[in-house]
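Coordinate inspection notes
Each chain, written out:
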Amino acid sequence: GKISFAKPVPLFSFPSRWDSEAQAKVNKQDPNPKFLEQVKALFPNAEEDKIVVMCSDGRQRSIQVLMMLDEEGYVNIAGLKGGFNMWDATFDPKVRRRNVGLAKEVYTHDADSCGIHASGAGFQMVDKIESVDRKDYVDWEDWEEAVAKKSA
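Residues numbered from 1 in each chain as written. Predicted model: local features only at pLDDT ≥ 70, side-chain atom pairs only at ≥ 80, totals over all residues. Heavy atoms only, no water.

Turning our eyes to something else, we now look at helix α2 (residues 60-71). The end-to-end C-alpha distance of α2 is 17 Å, a good match for the 16 Å that 12 residues give at a rise of 1.5 Å each. Inspection of α2 places Arg61, Ser62, Gln64, Val65, Leu66, Met68 and Leu69 among the buried residues, and these make up the whole buried set. Turning to α2, the residues buried within the fold contact β1 (12-13), α1 (35-42), β5 (50-53), β6 (76-79) and α4 (143-151). Directly beyond the C-terminal end of α2, a positive phi value near 95 degrees is found at Gly73. (Helix = DSSP H or I, 4+ residues; strand = E, 2+ residues; numbered from the N terminus. Expected span 1.5 Å × (residues − 1). Buried < 20%, exposed > 50% of the residue type's maximum accessible area, 1.4 Å probe, protein only. Contact = heavy atoms within 4.5 Å.)

This part is about the packing of aromatic side chains. Aromatic ring pairs: the centre-centre distance and the angle between the two ring planes describe each pair. Under the counting rule described, the total for this entry stands at four aromatic pairs. An angle of 45 degrees between the planes, with centres 5.6 Å apart, marks the rings of Phe12 and Trp140 as tilted. Placement of the pair is Phe12 in strand β1 and Trp140 in the loop between β8 (116-117) and α4, with a sequence separation of 128 residues. According to the relative accessible area criterion, Trp140 is buried, its value standing at 11%. (Phe/Tyr/Trp six-rings, centres within 6.5 Å; stacked < 30°, edge-to-face > 60°.)

We now examine the side chain of Asp57. Here Asp57 lies in the loop between β5 and α2. A distance of 3.2 Å separates a polar side-chain atom of Asp57 from the backbone nitrogen of Arg59. Those residues in contact with Asp57 that lie beyond four places of it in its chain are Gly82, Gly83, Asn85, Arg134, Lys135 and Asp136. (Polar contact = N/O pair within 3.5 Å; in protein donor to acceptor, adjacent residues only side chain to side chain.)

Bringing a negative patch on the surface into the picture now. Taken together, the side chains of Asp70, Glu71, Asp142, Glu144 and Glu145 define an acidic patch exposed on the protein surface. Of all the elements in the fold, those that place two or more residues in the negative patch are α2 and α4. For Asp142, the position within the fold is in the loop between β8 and α4. The exposure class assigned to Asp142 is partly exposed, which follows from its relative accessible area of 34%. (Patch = residues over 30% accessible without salt bridge, like charges linked within 9 Å, V, L, I, M, F, W, Y side chains within 5 Å. Areas by Shrake-Rupley, 256 points an atom, 1.4 Å probe, with all protein chains shown as cover. Salt bridge = Lys/Arg side-chain N within 4 Å of Asp/Glu carboxyl O. Lys, Arg positive; Asp, Glu negative; His and termini not counted. Charge placed at Lys NZ, Arg CZ, Asp CG, Glu CD.)

Phe35, Leu69 and Trp143 are the most contacted members of the largest nonpolar core, which has 19 residues in total. Of all elements in the fold, only α1, β5, α2 and α4 reach the threshold of two or more residues within this core. Sorting elements by how many residues they give to this core places α2 first, with four residues. What Leu69 contacts, discounting residues up to four positions off in sequence, is Leu36, Val39, Ile51, Val53, Tyr74 and Ile77. (Core = buried A, V, L, I, M, F, W, Y, C linked by side-chain atoms within 4.5 Å.)

Next up, the structure:
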C-alpha cells in the first residue's frame with residue numbers, strides 16, 4: 001500500500017538480490033546518501049514546514065530521521081507511532097478508518113455506546129483472535145555510518 005499524499009524520501013533502500021553462494025535471496029541495506037538534500041529540497045523552511053516521519057514500524061529508522069531533522073533545525077516534526085504497518089492496518093487507501101479491532105465486548109447497554117453485546121460467558125471453545133505483530137525485525141544500520149562506509 002501507499003499513502004497518496006505522502007512525499008516519500010527513503011533513508012535506505014532494501015533490495016532483494018540473489019546470492020549465488022548462499023543459493024537464496026538476500027536483502028541488502030543500501031543507504032540513500034542524498035537523503036538530507038532530498039528532504040531539504042521538499043521542505044526548505046525548517047521553521048515552518050510540518051513533517052511526519054514514518055518507517056515500517058515507527059522505530060529504528062524513524063528515530064534516526066527525527067534526530068537528523070532536529071539537528072538540521074526542523075521544529076515541526078513528529079514520528080508516526082506504529083509506522084506504516086499500523087497506518088495501513090488502521091486506514092484504507094482513501095484514508096477511511098478500517099473497522100479492525102475497533103469493536104469491543106460490552107456487558108451493559110446505556111444507549112450511548114457501541115460494542116458487541118454479549119452475555120459475558122467468555123466462551124473458551126471459540127477461536128481466539130490473534131493480534132498481528134507489526135514490528136519490523138530487521139536490524140537497521142545507522143544511516144551516517146552506512147553512508148560513510150559506502151563512500152569509503
